[in-house]
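Listed below are the residues making up each chain.
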Amino acid sequence: MNNSEILARIDHTQLKAVSTEADIDALCEEAIKYKTASVCIPPSYVAYARKKFGEALNICTVIGFPLGYSTTAAKVFEAQCAVADGADELDMVVNLGDVKNGYFDKVTAEIAALKKAACGKVLKVIVETCYLTEEEKTALCRCVTDGGADYIKTSTGFGTAGARLEDIRLFKEHIGSGVKMKAAGGIKTKEELEAFISEGCDRIGTSSAVKILAEDGADR
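The rules behind these values
Residues numbered from 1 in each chain as written. Predicted model: local features only at pLDDT ≥ 70, side-chain atom pairs only at ≥ 80, totals over all residues. Heavy atoms only, no water. Helix = DSSP H or I, 4+ residues; strand = E, 2+ residues; numbered from the N terminus. Rg over C-alpha atoms; globule rule 2.2 N^0.38 Å. Buried < 20%, exposed > 50% of the residue type's maximum accessible area, 1.4 Å probe, protein only. Contact = heavy atoms within 4.5 Å. Areas by Shrake-Rupley, 256 points an atom, 1.4 Å probe, with all protein chains shown as cover. Lys, Arg positive; Asp, Glu negative; His and termini not counted. Charge placed at Lys NZ, Arg CZ, Asp CG, Glu CD. Pairing = 2+ DSSP bridges. Salt bridge = Lys/Arg side-chain N within 4 Å of Asp/Glu carboxyl O. Polar contact = N/O pair within 3.5 Å; in protein donor to acceptor, adjacent residues only side chain to side chain. Expected span 1.5 Å × (residues − 1). Arc of directions from axis to C-beta.

**Q** Explain the overall build of the protein to me, please; I cannot follow it from the model alone.
**A** For the protein, the helix and strand inventory stands at 10 helices and eight strands. Its C-alpha atoms give the protein a radius of gyration of 16 Å, near enough to 17 Å, the size a compact globule of 220 residues would have. On the principal axes, the C-alpha backbone points of the protein span a range of 45 × 35 × 30 Å. Counting only residues that meet the buried cut, the protein has 51% of its 220 residues in that class. Considering only intrachain contacts with a sequence separation of at least 6, the fraction spanning at least 24 residues in the protein is 69%. Only carbon and sulfur atoms are counted for the fraction: they give 52% of the accessible area of the protein, which is about 9700 Å². Treating the 27 positive side-chain charges of the protein as one cloud and the 33 negative ones as another, the clouds have centres 2 Å apart.

**Q** Is there a simple way to explain the pairing of strand β8 (residues 203–206) in this structure?
**A** A regular strand places its side chains on the two faces of the sheet in alternate fashion. In β8, alternate side chains face the same way, and those of R203 and G205 on one face and I204 and T206 on the other are all buried. Where strand β1 (residues 10–13) lies against β8, three bridges are found, and the strand directions are parallel. The residue bridging I10 from the neighbouring strand is I204, located in β8. When strand β7 (residues 180–184) meets β8, the two strands line up parallel, connected through three bridges. Opposite K182, over in β8, you have R203 as the bridge partner.

**Q** Help me understand the pattern of salt bridges, please; the structure alone is not making it clear to me.
**A** If the charged atoms of two oppositely charged side chains come close together, the side chains can form a pair. Within this structure, the stated rule accounts for 22 salt bridges. Here K52 makes a salt bridge to D25, at a shortest N to O gap of 2.9 Å. With K52 in helix α3 (residues 46–53) and D25 in helix α2 (residues 21–34), the pair connects residues that are 27 residues apart, well separated along the chain. For K172, the salt bridge goes to E199, with nearest N and O atoms at 3.0 Å. Here E199 lies in the loop between α9 (190–198) and β8 and K172 lies in helix α8 (residues 165–174), a separation of 27 residues in the sequence. With relative accessibility at 18%, the residue E199 sits in the buried group. What you see here is one network of salt bridges that share partners, running through R9, D11, E89, D91, K124, K153, K182, D202 and R203.

**Q** Sorry if this is basic, but what is going on with the environment of A118 here?
**A** Take A118: it is sitting in the loop between α6 (104–117) and β5 (122–126). Exposure remark for A118: the relative accessible area of 0% places this residue in the buried category. Between the C-alpha atoms of A118 and Y48, which are 70 residues apart in sequence, the distance is 19 Å. In this structure, A118 is in contact with V83 and L90, ignoring residues within four places of it in sequence.

**Q** Looking at this structure, how should I read the side chain of T36?
**A** Locating T36 in the fold gives a position in the loop between α2 and β2 (38–41). There is a polar contact of 3.1 Å between the side chain of T36 and the backbone oxygen of S38.

**Q** Please explain helix α4 (residues 72–85) as it appears in this structure.
**A** At 3.6 residues per turn, the α-helix brings residues three or four places apart onto the same side. Taking 1.5 Å per residue, 14 residues should reach 20 Å; α4 reaches 20 Å between its end C-alpha atoms and fits that length. Along α4, the positions that sit buried rather than exposed are K75, V76, A79, A82 and V83. For α4, the angular spread of buried residues about the axis comes to 125°, placing them on one side. What points out from α4, more than 90 degrees from its buried face, is the exposed set A73, F77 and A84. At the exit of α4 stands G86, carrying a positive phi of roughly 115°.

Laid out in structure tokens, this is it:
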């Protein structure tokens, strides 16, 4: 797989709380130059990026991020605002309290509500694997599938650990045929990017890929 093929699967990410307009500009310019799958930016910058860069960008943003314990109503409102501002993709965080309480029907219902609020836009569900048991991960694969989401995503990048190949292998066994996979958190080398893609990840969320692959030569 050459570098351009890898970049086409990257959600080029800048989610730091102290991100400035200059940071967002640089991210978006790199995404356009290197043809990444999307930029993933804070909700407060979605309208700014859409106005400045127009349809040249596929814009992803986050919902209920990074802890996931907002109410469903709050997440739905966030999603509606993000879509109105011009977001193409939404990465929502599940309510981990509901997961730990075993309220998987409630988790599924929330995912379905967010999918409806997304109005046809892509919905990715962040399950934050570092806090989950194997049984919880398996149950969440069913929630994501039954809730109608487009992707299951490993991590926020703000938890105690990020993506692991073994979690992607578990997802593959338990998600529905229409659900894709996104790995995020701690993926910082070309070898890691290739490994996650080889295991079946359609997207990788990272702030490092453009720097790594641009230095290596984007066409190699």
